[in-house]
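# Chains, contacts and geometry: an overview
The chain contents come next:
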Amino acid sequence: MWSLKRSQCRTGRPQGYPVVENRIVAPGFTRLTLLAPAIVQKAVPGQFVMLYPPPNRQQQLPRPLSIFKVDHKRGELTLFFQVRGEGTGIFADAEAGSTIKLLGPLGTGFPALPENSLLVAGGVGIAPLVFLAAAAAKPCSMIYAACTAAQLVCPAADLKISGITVLETTEDGSRGEKGTATNLLSRLLSADADRYGAIFSCGPRPMLKAVANLGRLKGLPTWISLEERMACGIGACLGCAVATREGYRRVCYDGPVFPAEVVIFFD
Amino acid sequence: MTKPDLQVNLGGLWLSTPILAASGPIGNSQQYRERFSTRALGAIIVKGVSLEPWPGNPPPRLAETASGVLNAIGLQNPGLKHFLEQDLPQLTSAGPRIIVNIVGRTVEEYAQVAAGLTGAGGVDGIEINISCPNIKAGGIAFGTDPDQTYQVVKAVRRQTSLPLLVKLSPNVADVTVLAKAAEAAGADALSLINTIAGMLIDIETRRPLLGNTFGGLSGRAILPVALKMVWQTAEAVKIPLLGMGGISSARDALQFIMAGARAVAVGTALFYNHELPDEIYRGLADYMVEHNVAALGDLEGIAHKGDDYYE
């Protein structure tokens, strides 16, 4: 049975936090750091924050973004995200010194990470897994997959995490091994499934579906972090539903991290 | 001048302020309790409650549009029994009055939910939802045909002495026909408008974006449409109106009151402005002081003066 009570906490009201640094790391990919000690203090891997656009824009709904890194000493919160539309574009354009209104940390994050776990990241889905790996600091392997090298853009410095071995793979072979995340995962598991503790994954739905299937076949606990369009971010509006074996659940509150076996994938 | 009087009587329901939280965005309001001050709210309208649990629509359920939000949640809710046992006891300790939005697939279901809520302590009013555009059976079916509107309101009226609001749909040729049917069946007040039916297409998947194909549009984009319908309805019925549709400031709220609303509700804007009820409260009070208005009721429908069709 899966527990919904992993890591929710009181988050109070949205507040403005100053932008420390905002860097375009590649076309369409942004690394945004804010001074947000109140959020950093409480955040656990897998949780997210809501970012509120400034008033009087055509886009007003807050955007949910996974927490990528936390620096407890400096109180800094870093997000790594892909610009998907006008809403995320607003935050990609935010300048250092400006203020962004945030609410968080929100949602139910990852459970404790066992040694020798496999982290499977598809594209920008690497964001919550970097936080997970850094917080756990245990020997683990991380598959980092994308279609092409141009999308494998997570800064190398952010991937230097104690105990973590990063295995890159691209579908066109432009960097790392040629193939998909699940090709590589499947090969690792076929060689010796018993040596791995669990699977943690975030990325596009088709990839998560394949990862969930592999985890089930090999009998490994598998946790996936889902993405959905949200409005409230706090479990009230029921806008971010995901179909599970126990009915619709809220990605923002019951998730975004779910045990893979409860999620129903349609396609 | 003395402190402006913002109390209103909405169809027998006395409210400390004319600002309500509309049914939907804030759910049953529990999650928002720590996130905004309910001090400025006269009442909270709890998200639709049905007799049995309803599962809701397949995702995706919402998307943002230009100054608006398109949603098709599908009235997901845990049902009357769960609401009475789990949710209501926690809501009644909050300050604002509690109005419960009710939904059903049949006239009998609406009546049973109304009866269940009336027997329970802590419910201050009922809002009949006959206008949700996202439910094929029930919901809007009752809101587009004046005979069915009459039947469902009449059946609920027989079950309850609580103040009874009827929430009207904008997705009709003439909203005043439905308004008159609801009034004739015994409604104490009318809420308008619900969301405007719409859709979006995802050009990558080449499929409708929402899991339900169609959804309802809310937010600032719909304000002029809502205001016109409040205006028209104010000229057609005698019972008070609760105006809503894209309100995101005190200026917006004042327009609805001047169009003929007794009170106003905010919905979509609460997603991004948790201070909005307080801002509207202050804005209304300031306007009244500046313009020497003693009671908010003095502004109700004032924009109709000189209009040929206003009595």
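Residues numbered from 1 in each chain as written. Chains lettered and ligands numbered in written order. Predicted model: local features only at pLDDT ≥ 70, side-chain atom pairs only at ≥ 80, totals over all residues. Heavy atoms only, no water.

In a beta sheet, neighbouring strands are held together by backbone hydrogen bonds and run either parallel or antiparallel to one another. Residue and element names in this part refer to chain B. As summarised here, the arrangement of the 4 strands in space is β5-β6-β14-β11, forming an open sheet in which the pairing is antiparallel. The open sheet has two edge strands with one neighbour each: β5 (62-65) and β11 (196-199). Strand-to-strand twist across the sheet, computed as the mean angle between neighbouring axes with direction ignored, equals 35 degrees. Relative to strand β6 (residues 68-71), β5 is paired through 4 bridges, and the arrangement is antiparallel. Note on β6: the bridge partner recorded for E64 is V69. (Pairing = 2+ DSSP bridges. Helix = DSSP H or I, 4+ residues; strand = E, 2+ residues; numbered from the N terminus. Axes fitted to C-alpha atoms, helices over the stretch in contact; angles between N-to-C directions.)

The next thing to look at is the pattern of salt bridges. Inspection of every chain in the model, using the stated rule, returns 18 salt bridges over all chains. Salt-bridge contacts for R84 of chain A lead to E227 of chain A; the nearest nitrogen and oxygen are separated by 3.5 Å. Taken together, the residues span a long stretch of sequence, with R84 of chain A in the loop between β6 (76-82) and α2 (86-92) and E227 of chain A in the loop between β13 (222-225) and β14 (241-244) at a distance of 143 residues. Taken as a pair, R84 of chain A and E227 of chain A share a single burial class, namely exposed. Note that R157 of chain B and D188 of chain B form a salt bridge whose closest N and O atoms lie 2.8 Å from each other. Of the two residues, R157 of chain B sits in helix α3 (residues 146-159) while D188 of chain B sits in the loop between α4 (175-184) and β10 (189-192), which places them 31 residues apart along the sequence. (Salt bridge = Lys/Arg side-chain N within 4 Å of Asp/Glu carboxyl O. Buried < 20%, exposed > 50% of the residue type's maximum accessible area, 1.4 Å probe, protein only.)

Within this structure, the stated rule accounts for 4 aromatic pairs over all chains. With 6.3 Å between their ring centres and 25 degrees between their planes, F29 of chain A and F80 of chain A make a pair best called stacked. With a gap of 51 residues between them, F29 of chain A in strand β2 (residues 29-35) and F80 of chain A in strand β6 connect regions that are remote in the sequence. One exposure class covers both F29 of chain A and F80 of chain A, and it is buried. Taken together through their ring pairs, the aromatic side chains of F29, F68 and F80 of chain A make up a single cluster. Above the face of the Y52 of chain A ring, K101 of chain A is positioned so that its terminal group lies 5.1 Å from the ring centre. The ring of W54 of chain B carries R105 of chain B above its face, with NZ or CZ at 4.3 Å from the centroid. (Phe/Tyr/Trp six-rings, centres within 6.5 Å; stacked < 30°, edge-to-face > 60°. Lys NZ or Arg CZ within 6 Å of the ring centre and 35° of its normal.)

Note on placement: Q31 of chain B falls in the loop between β3 (19-21) and β4 (43-49). Here the side chain of Q31 of chain B touches G235 of chain A through a polar contact of 3.3 Å, landing on its backbone oxygen. The residues contacting Q31 of chain B, other than those within four sequence positions of it, are I234, G235, A236 and R250 of chain A together with I26 of chain B. (Polar contact = N/O pair within 3.5 Å; in protein donor to acceptor, adjacent residues only side chain to side chain. Contact = heavy atoms within 4.5 Å.)

At the junction of the two partners, chain B supplies 33 residues and chain A supplies 31 residues. Between chain B and chain A lies a buried interface of about 2,700 Å² when both sides are counted; carbon and sulfur atoms form 55% of it. Summed over the three residues of chain B that lose the most area to chain A, namely R35, E64 and Y272 of chain B, the buried surface amounts to 24% of that side. In this structure, E275 of chain B and R13 of chain A form a salt bridge, with 4.0 Å as the shortest nitrogen-oxygen distance. At the junction of chain B and chain A, the tally comes to 8 residue pairs in polar contact (both at pLDDT 80 or more). The element best represented in the side of chain B that touches chain A is β5 of chain B, accounting for 4 residues. For the side of chain B that touches chain A, the per-class residue count stands at 16 nonpolar, 10 polar and 7 charged. (Buried area = accessible area lost by both parts, 1.4 Å probe. Nonpolar A, V, L, I, M, F, W, Y, C, P; charged D, E, K, R; others polar.)

Residue and element names in this part refer to chain B. Together, M199, I201 and F214 make up an exposed nonpolar region whose accessible area comes to about 310 Å². With respect to the helices and strands, M199 occurs in strand β11. Residue classification places M199 among the partly exposed residues on the basis of a relative accessible area of 38%. (Patch = residues over 30% accessible without salt bridge, like charges linked within 9 Å, V, L, I, M, F, W, Y side chains within 5 Å. Areas by Shrake-Rupley, 256 points an atom, 1.4 Å probe, with all protein chains shown as cover.)

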